[in-house]
Amino acid sequence: MASSAAHNPATAVVLTSGGLDSTTVLAIAAADGHRPLALTFRYGQSHDAEIAAAERVARSAAVADHWILDVPLGQIGGSALVGDGPIPDAAPTDVGGPEIPVTYVPARNLVFLSLATACAEARGIRDIYIGVNAVDYSGYPDCRPAFIESFAATANLGTRDGVENPETVSGDVFGAEPWFRIHTPLADRSKADIIRAGLALGVDYAQTVSCYRADVDGRACGRCDACELRRRGFEQAGAADPTRYG
């Protein structure tokens, strides 16, 4: 865990998985003028090459604070991403469909955002960034705007900072600007738009890992849902795809 100097503390918590979306969000947070605290979770995911990718991304972005937290979602199970069943190949027409796929991890973003809020409150930080997307996404319910709005309200109702700071009125987060602000800058963007935005900010997508079945060196399978979304995004963005395939 890296630690920033006391005179230059982080001003935003950014959930950083090492994937394409979260790496773009890290760049957006910096462009917004923040000093990010990058927060990565080791949760028992089978594609743990993304942890190494998150470390590469944080170093490249000169992030002073990068925390990697262990969360035992793998012990709970319920997802192909933590070993409960195989990760399927995705037909292009199925990507982003209405059904919740087997790669959904129960309550993952609920848990991650709760821990991000705890980190933010402990550091006196108001702003939390997460790369959820409701356009080109895999059907996960915890990526929807309604979930993010509900979580933000809960975070401000259930924390000391949420109820004691002058920006709120007697803890009434619905009648005043809330203390904690959850930023979802990719929520309404297509994968192609996300890639274009990241390239404009100088993001090196060769450092990232999106594949659900990436090998230990981060090489992608080219067949899973995440690989298909990524491949299609670069194609539609008219940009060269730096993904390494096994």
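Residues numbered from 1 in each chain as written. Predicted model: local features only at pLDDT ≥ 70, side-chain atom pairs only at ≥ 80, totals over all residues. Heavy atoms only, no water.

> Could you clarify how one ought to interpret helix 5 (residues 145-157) in this entry?
A turn of α-helix holds 3.6 residues, and therefore any two residues three or four places apart point the same way. Across its 13 residues, helix 5 extends 19 Å between first and last C-alpha, which sits within 8% of the 18 Å expected from 1.5 Å per residue. Of all the positions in helix 5, only Phe147, Ile148, Phe151, Ala152, Ala153, Ala155 and Asn156 are classed as buried. Those residues of helix 5 hidden inside the fold are in contact with helix 4 (108-123), helix 6 (160-164) and strand 5 (181-183). (Helix = DSSP H or I, 4+ residues; strand = E, 2+ residues; numbered from the N terminus. Expected span 1.5 Å × (residues − 1). Buried < 20%, exposed > 50% of the residue type's maximum accessible area, 1.4 Å probe, protein only. Contact = heavy atoms within 4.5 Å.)

> Explain the environment of Ala58 to me, please; I cannot follow it from the model alone.
Secondary-structure assignment places Ala58 in helix 2 (residues 49-60). Placed 19 residues apart in sequence, Ala58 and Leu39 show a C-alpha to C-alpha distance of 9.7 Å. Setting aside its immediate chain neighbours within four residues, Ala58 contacts Val63 and His66.

> Can you help me understand the packing of helix 7 (residues 191-200) against helix 8 (residues 225-237) in this one?
Angle between the axes and distance between the axes are the two parameters that describe a pair of packed helices. One can describe the packing of helix 7 onto helix 8 by two numbers: an axis separation of 8 Å at closest approach and a directional angle of 65 degrees. With respect to each other, helix 7 and helix 8 are oriented roughly perpendicular. Crossing hand, helix 7 versus helix 8: right-handed. Contact with helix 7, carried on its side by Lys191, Ala192, Ile195 and Arg196, involves Leu229, Arg230, Gly233, Phe234, Gln236 and Ala237 of helix 8 and no other residues of that element. (Axes fitted to C-alpha atoms, helices over the stretch in contact; angles between N-to-C directions. Parallel < 35°, antiparallel > 145°, perpendicular 65-115°, else oblique. Left-handed = near helix turned anticlockwise from the far one by under 90°.)

> How should I be thinking about the packing of aromatic side chains in this particular structure?
In this description, an aromatic ring pair is defined by two values, namely the gap between the centres and the angle between the planes. Going through the model one piece at a time under the given rule, you end up with five aromatic pairs. For the pair Phe147 and Phe151, a centre-to-centre distance of 6.4 Å together with 40 degrees between the ring planes defines the contact as tilted. Pair noted here: Phe147 and Phe151 are both in helix 5, with a separation of four residues, about one helical turn. When its relative accessible area of 7% is taken as the criterion, Phe151 is described as buried. With 5.8 Å between their ring centres and 80 degrees between their planes, Tyr205 and Phe234 make a pair best called edge-to-face. Here Tyr205 is found in the loop between helix 7 and helix 8, whereas its partner Phe234 is found in helix 8, with 29 residues between them in sequence. The same class applies to Tyr205 as to Phe234, namely buried. One aromatic cluster is present, built from ring pairs that chain together Phe41, Tyr43 and Phe112. The ring centre of Tyr140 lies 5.7 Å from the NZ or CZ of Arg108, which sits over that ring. (Phe/Tyr/Trp six-rings, centres within 6.5 Å; stacked < 30°, edge-to-face > 60°. Lys NZ or Arg CZ within 6 Å of the ring centre and 35° of its normal.)

> Honestly, the nonpolar core in this entry has me stumped. Any pointers?
Formed by 46 residues in total, the largest nonpolar core has its most connected members in Leu39 and Tyr43. Elements that contribute at least two residues to this core include exactly strand 1 (12-15), strand 2 (36-42), helix 2, strand 3 (65-70), helix 4, helix 5 and helix 8. Tyr43 has contacts with Glu50, Val71, Pro72, Leu73, Gly74, Leu81, Val82, Val105, Arg108 and Phe112, leaving out every residue within four places of it along the chain. Ranked by size, the runner-up nonpolar core spans 22 residues in total, among them Ala12, Val25, Leu26 and Val63. (Core = buried A, V, L, I, M, F, W, Y, C linked by side-chain atoms within 4.5 Å.)

> Teacher, can you tell me more about the packing of helix 1 (residues 20-31) against helix 7 here?
Interaxial distance between helix 1 and helix 7 falls to 10 Å at its minimum, and their mutual angle equals 45 degrees. Compared by their axis directions, helix 1 and helix 7 come out oblique. Where helix 1 crosses over helix 7, the handedness of that crossing is left-handed. Residue-level contacts link Leu20, Asp21 and Thr24 of helix 1 to Lys191, Ile194, Ile195 and Gly198 of helix 7. Class assignment for the residues of the contact of helix 1 with helix 7 results in three nonpolar, two polar and two charged. (Nonpolar A, V, L, I, M, F, W, Y, C, P; charged D, E, K, R; others polar.)

> Mind showing me how you'd approach the sheet that holds strand 4 (residues 127-129) here?
Pairing between the strands of a sheet comes from backbone hydrogen bonds, and it takes one of two forms, parallel or antiparallel. Spatial strand order, 3-2-1-4-5: five strands in an open sheet with parallel pairing. Edge strands, defined here as strands with exactly one partner in the open sheet, are strand 3 and strand 5. Ignoring strand direction, the axes of neighbouring strands in this sheet form an average angle of 25 degrees. Pairing of strand 2 with strand 3, which is carried by six bridges, proceeds in the parallel orientation. Residue pairing for strand 3: Leu37 is matched across the bridge by Asp65. Contacting strand 1, strand 2 and strand 4, helix 1 crosses the sheet at an angle of about 165 degrees to strand 1. (Pairing = 2+ DSSP bridges.)

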